[in-house]
Amino acid sequence: MRKSLLIAASAVALLLTSCKKSESGNKSILKTDSSETVITDNNGKIDSATQSSSTIEVNGQKTEKTDFVYKATDGTLVKVVFRNDPKESNVAITSNKKTFTLPKTETKDGETIYKKDDMTARVKGDSLHLEQGNNVIELKRTKI
């Protein structure tokens, strides 16, 4: 009994002393988080959508990440993350615990197109048009 109590107390003491957080880290990485309300014009109506964005700067190069929630016509909520960095821009679409990441291929007439294999995402204003084969899904940016 004494041995097991002594072993348990030693394990707890070791656990508590080994979990110290180091604040030193990499000093060349700056991270800025923000949450703001954006006013968008949609067919003459003014609407507000909540967005969460962060900018990370590593050695002078900025990476911007913006998260939105979109809603499908069937009511399903989808998380969409737009990421822009000096090397590439892409969109990550997460639904039903699956994430699809599509690189940006072109921008024309206010529409941005992301494409990978047979999946294409077209983003214009508050709408996202997702195509995969013969399946077409319409998504609208929403507030939670």
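This one's a predicted model, so the numbers in the text were calculated from it and none came from an experiment.

A word on the pattern of salt bridges. This model, assessed by the stated rule, comprises 5 salt bridges. Here Asp67 and Lys79 are joined by a salt bridge, their closest N and O atoms 3.9 Å apart. In this pair, Asp67 is assigned in strand β3 (residues 61-72) and Lys79 in strand β4 (residues 77-84), connecting sequence segments 12 residues apart. For Arg122, the salt bridge identified is with Glu111, shortest N-O distance 3.9 Å. Here Arg122 is found in strand β8 (residues 119-124), whereas its partner Glu111 is found in strand β7 (residues 111-116), with 11 residues between them in sequence. Judged by its relative accessible area of 28%, Arg122 is partly exposed. Salt bridges linked by common partners bring Glu111, Arg122 and Glu131 together as one network.

Right, let's talk about the packing of aromatic side chains for a bit. On inspection of all chains with the given rule, the structure shows 3 aromatic pairs. Taken together, a centroid distance of 6.5 Å and an interplanar angle of 80° make the contact between Phe68 and Tyr70 edge-to-face. Residue class for Phe68 comes out buried when judged on its relative accessible area of 8%. Through a chain of ring-to-ring contacts, the aromatic side chains of Phe68, Tyr70, Phe82 and Tyr114 assemble into a single cluster. The cationic tip of Arg141 hangs over the ring face of Phe68; the distance from NZ or CZ to the ring centre is 4.3 Å.

Here is what the cut-offs are and how they apply
- Residues numbered from 1 in each chain as written.
- Predicted model: local features only at pLDDT ≥ 70, side-chain atom pairs only at ≥ 80, totals over all residues.
- Heavy atoms only, no water.
- Salt bridge = Lys/Arg side-chain N within 4 Å of Asp/Glu carboxyl O.
- Helix = DSSP H or I, 4+ residues; strand = E, 2+ residues; numbered from the N terminus.
- Buried < 20%, exposed > 50% of the residue type's maximum accessible area, 1.4 Å probe, protein only.
- Phe/Tyr/Trp six-rings, centres within 6.5 Å; stacked < 30°, edge-to-face > 60°.
- Lys NZ or Arg CZ within 6 Å of the ring centre and 35° of its normal.

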